[in-house]
Amino acid sequence: MAGAAPRASAPGAAAAADLAPRELRILVAVERERGFSAAAEALGLTQSAVSHSIRGTERKVGAVLFERGRKGATPTAAGAAAAAHARRVLRLLETLAAEARGAGTGTVAGPLRIAAFRSAALHLLPPVLERLAARCPGIEPEVYVVRELGAGTAGEVAEGRADVAVATVGASSQTPAGLVGGVLVEEPYSLVHPAGHPAPRSLPLVDWHENCGSYTRRWWARQDWIPKATVLTEDDGAVLSMVSRGLGMAIMPALSLHDAPDGIAVTDLGPGRPTRSVGYFTTPELAAGAAVRALIRELRAASGTGSVPGPARRPADAG
């Protein structure tokens, strides 16, 4: 869709409140597809219908939502914010329908979208979802593995792409703006190295981008035996594979050490060792929903001790 964007007026909150679900779906589709034609095809509409709807939405909102050009439609800052809110509103409408249907029978049903970082999806969520399925068989979990970089898993919830995030939490347990949540577990970091190595602290360091935040990095900076990483990988699985083959050592949190390969030994870093907080986030609206509440109950039950189980690997005595 080429041509100048409409000049948006400021109609006030009343006009924006008149936005219909159909308009929100079109807004989300254009933001996702980055174009009016692609959004129209995805929705089974004509391009003119999509263009007309977006212009109407811009008038009601009082802001230009997309920059039009030959390469498609690029969301403005207002458009990105509006699309995030639209996804959240549409999800609430789905929740409304699901909970209304289940109110008479006391059942909980429907999709439950969960964003989790890799080791949480591999080791923390499966037993939780198993118990959730036994108690609420109508819930249909959809798990998305999201890297804990930038906005991370919490960003998926803020953007309306997920209902619950299993996330790493900052050292001060900050909750992202507009979300609610809490800490589930504190997992310790350990020295991970090839089994039987006589001097594991002398080995090169293997690391990955998501390993830890500023708190743990500050702890690292005070340890003169930890060198700069010579190998930086994409995930913790690659780190474990390299360490098991004698290519280096690593400093890793407990969740990453479940089902570690043969050839790995784990050494406790002592009472001053760093820890990583793992928690959950959701929106205030979805936090009241039955499906989200059921998942959070199971997450809390699984982490009732306040710490995650250690790796299934014999600890080493090497220092």
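Criteria and thresholds
- Residues numbered from 1 in each chain as written.
- Predicted model: local features only at pLDDT ≥ 70, side-chain atom pairs only at ≥ 80, totals over all residues.
- Heavy atoms only, no water.
- Helix = DSSP H or I, 4+ residues; strand = E, 2+ residues; numbered from the N terminus.
- Buried < 20%, exposed > 50% of the residue type's maximum accessible area, 1.4 Å probe, protein only.
- Contact = heavy atoms within 4.5 Å.
- Areas by Shrake-Rupley, 256 points an atom, 1.4 Å probe, with all protein chains shown as cover.
- Phe/Tyr/Trp six-rings, centres within 6.5 Å; stacked < 30°, edge-to-face > 60°.
- Polar contact = N/O pair within 3.5 Å; in protein donor to acceptor, adjacent residues only side chain to side chain.
- pLDDT = per-residue confidence, 0-100.
- Axes fitted to C-alpha atoms, helices over the stretch in contact; angles between N-to-C directions.
- Parallel < 35°, antiparallel > 145°, perpendicular 65-115°, else oblique.
- Nonpolar A, V, L, I, M, F, W, Y, C, P; charged D, E, K, R; others polar.

### Quick look at the overall build of the protein chain
If you tally the helices and strands in the protein chain, you get ten helices and eleven strands. Out of the 319 residues in the protein chain, the part that is buried amounts to 45%. For the protein chain, restricting intrachain contacts to residue pairs at least 6 apart in sequence, the fraction spanning at least 24 positions comes to 75%. Split by element, the accessible area of the protein chain, about 15300 Å² in all, is 54% carbon and sulfur.

### Notes on the packing of aromatic side chains
Evaluation of the coordinates by the stated rule reveals one aromatic pair. Considering the side-chain rings of phenylalanine 36 and phenylalanine 66, the 6.4 Å spacing of their centres and the 70 degrees angle between planes classify their relative orientation as edge-to-face. Of this pair, phenylalanine 36 sits in helix α3 (residues 36–43) while phenylalanine 66 sits in strand β1 (residues 66–69), placing them 30 residues apart in sequence. For the pair formed by phenylalanine 36 and phenylalanine 66, the shared burial category is buried.

### Concerning the side chain of arginine 276
Within the element layout of this structure, arginine 276 appears in strand β11 (residues 275–282). Within polar-contact distance, the side chain of arginine 276 engages the side chain of glutamate 187 at 2.6 Å. Those residues within four positions of arginine 276 in sequence are excluded, and the remaining contacts are Phe117, Ser119, Thr168, Val185, Glu186, Glu187, Tyr189, Glu210, Asn211, Pro253 and Leu255.

### So, the confidence of the model for the protein chain
Looking at the protein chain, the pLDDT average stands at 87 and 87% of residues meet or exceed 70. Note on residues 305–319: pLDDT under 50 across the span, and 34 contacts to partners over four residues away in sequence or across chains.

### Examining the packing of helix α2 (residues 21–33) against helix α4 (residues 47–61)
When two helices pack together, their arrangement is captured by the angle between the axes and the distance separating the axes. The interhelical angle for the contact between α2 and α4, taken along N-to-C directions, is 105 degrees, at an axis separation of 9 Å. With respect to each other, α2 and α4 are oriented roughly perpendicular. Facing α2, whose interface residues are Arg22, Glu23, Ile26, Leu27 and Val30, α4 presents Ala49, Val50, Ser53, Ile54, Thr57 and Lys60. Grouping the amino acids of the contact of α2 with α4 by side-chain chemistry returns six nonpolar, two polar and three charged.

### Some points on unusual backbone geometry
For arginine 34, which is not a glycine, the phi torsion comes out positive at approximately 60 degrees. Within the fold, arginine 34 resides in the loop between α2 and α3. Accessibility expressed as a relative area gives 41% for arginine 34, which makes it partly exposed. Positive phi, close to 55 degrees, is recorded for aspartate 259, a residue that is not glycine. Residue placement: aspartate 259 occurs in the loop between β9 (250–253) and β10 (264–268). By relative accessible area, aspartate 259 is classed as exposed at 66%.

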